[in-house]
Amino acid sequence: MRAVTVRPSAAKSLEVREVPDPVPGAGEILVDGISVGVCGTDREILAGALGAAPRGEDRLVIGHESLGRVRQAPAGSGFAAGDLVVGVVRRPDPEPCGACARGAFDMCRNGRYTERGIKERHGYASRFWTVESDYAVRLDPSLERVGVLLEPATVLAKAWEQVERIGARSWFAPERVLVTGAGPIGLLAALLGAQRGLDVHVLDRVTSGSKPGLVAALGATYHSGSIDDVASALRPDLVIEGTGAGDVVLGAMRGTASYGIVCLIGVSPEAHRLPVAAGALNNELVRGNIAVVGSVNANLRHYHAGAEALRRADPAWLERMITRRVPLRDAADAFTPQVGDIKVVIDLD
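Conventions adopted
Counting of residues starts from 1 at the beginning of each chain's written sequence and follows it residue by residue. In keeping with the model being predicted, local features are shown solely for residues with a pLDDT of at least 70 and side-chain atom pairs are shown and tallied solely at 80 or more, while totals for entire chains, interfaces and linings include all residues. Heavy atoms from the whole structure form the basis of all side-chain values; hydrogens and water molecules are not counted. Numbering goes from the N terminus for both helices and strands, where a helix is a DSSP run of H or I of at least four residues and a strand is a run of E of at least two. Only protein chains enter the accessibility calculation, which uses a 1.4 Å probe; a residue whose area is less than 20% of its type maximum is buried, one above 50% is exposed, and one in between is partly exposed. Between Lys or Arg on one side and Asp or Glu on the other, a salt bridge is scored when a side-chain nitrogen of the former is within 4 Å of a carboxyl oxygen of the latter. Lines are fitted to the C-alpha atoms to define the axes, a helix being fitted only along its stretch in contact, and any angle between axes, read from their N-to-C directions, falls within 0 to 180 degrees. Convention used here: angles under 35 degrees read as roughly parallel, angles over 145 as roughly antiparallel, angles from 65 to 115 as roughly perpendicular, and any remaining angle as oblique. Working rule for contacts: check all heavy atoms of both residues, and any pair within 4.5 Å makes them a contact. The nonpolar class holds Ala, Val, Leu, Ile, Met, Phe, Trp, Tyr, Cys and Pro. Asp, Glu, Lys and Arg form the charged class, and all remaining residues, Gly among them, are polar.

1. Some details on the environment of L264
Phase 1 of the analysis: The topology assignment puts L264 in strand β16 (residues 261–264).
Phase 2 of the analysis: With 151 residues separating them along the chain, L264 and Y113 place their C-alpha atoms 22 Å apart.

In structure tokens, the structure reads:
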């Protein structure tokens, strides 16, 4: 079968090549791949900055934003041929830390977890793949065109869960959320905010293209000004920060209302440095009872929460997020940015 592979640590090593057909083991589902999404993590792997092949192999099948249809499922698995499924990305470390042992592998303490398509496990960017039934999530049949968005939606399901748990430390009735960044992560953050009935605002640099319309279709408000101006005008109760841009991160912390919560989900370029008035920022956070939390990855309950959020969403709106589809044979084209790209998908069938 054909699969999208790279040689980790070697830049520009992507190759669509023939690899052995997968053979399902005990308790595993055999899946016909439909599509995989491309994100910043995949681009880092392609650049040679991230990724690790399975032990004893020199190439990694990439693809962690999966979507497929069950071809064969073991008896008693709860799955049947024809089911629409997504495979979970992360697996607990072999000798699990306390968090992994309790199912919270997204909070692994020792870093010895593995990840499909990223770290020491082949991913889902292949014509067929297998997955343990315990790490497969069924999707509503209506999501066949857009179910590939589940994995990024899980990241937001976890982020919103973290925000709500922190808010529960005291009386908590947020009204307004500011989402920074209108890429796939930001748009899905806005979707989940709208589903919670909040007054949603989204900040991004672009002023044209699909993003403003996608935000407006949620009943949300789109902004393109500076973070300081927007945050000071809105005084949001919550900020979901998805850009990783240092000035935006700091502006989000400075501009949140008292008892506000800032959830950081964007990764910053490490080489970029900004001067910070640390004392003044500390005083604002302390005196305002403001909480700042980082959030990454997801575990099984977040996959199920994300699946429910997608089921409740307008499928046509979700499909507008997928601005480009690339056939498997041309997978390399998915990594060449084009004007107007939001979510790029590689179709596997």
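Moving on from the coordinates now.
2. Observations regarding helix α7 (residues 246–255)
Phase 1 of the analysis: Among the ten residues of α7, seven are classified as buried, and the element is accordingly described as predominantly covered.
Phase 2 of the analysis: Looking at α7, one finds that the buried residues are V248, V249, L250, G251, A252, M253 and G255.

3. Concerning the pattern of salt bridges
Oppositely charged side chains can form a pair if their charged atoms are brought close together.
Phase 1 of the analysis: Overall, the coordinates contain 19 salt bridges when judged by the stated rule.
Phase 2 of the analysis: In this structure, the salt-bridge partner of E15 is R17, at a minimum N-O distance of 3.3 Å.
Phase 3 of the analysis: Each of the salt bridges in this network shares a partner with another, and the network as a whole consists of E161, R165 and R301.

4. Let's talk about the packing of α7 against helix α8 (residues 278–287)
Phase 1 of the analysis: Where α7 meets α8, the closest approach of the two axes is 9 Å, and the angle between their N-to-C directions is 45 degrees. One way to sum up the angle between α7 and α8 is to call them oblique. Contact residues: L250, M253 and R254 in α7; L281, E284 and L285 in α8.
Phase 2 of the analysis: Partitioning the contact of α7 with α8 into residue classes produces four nonpolar, no polar and two charged.

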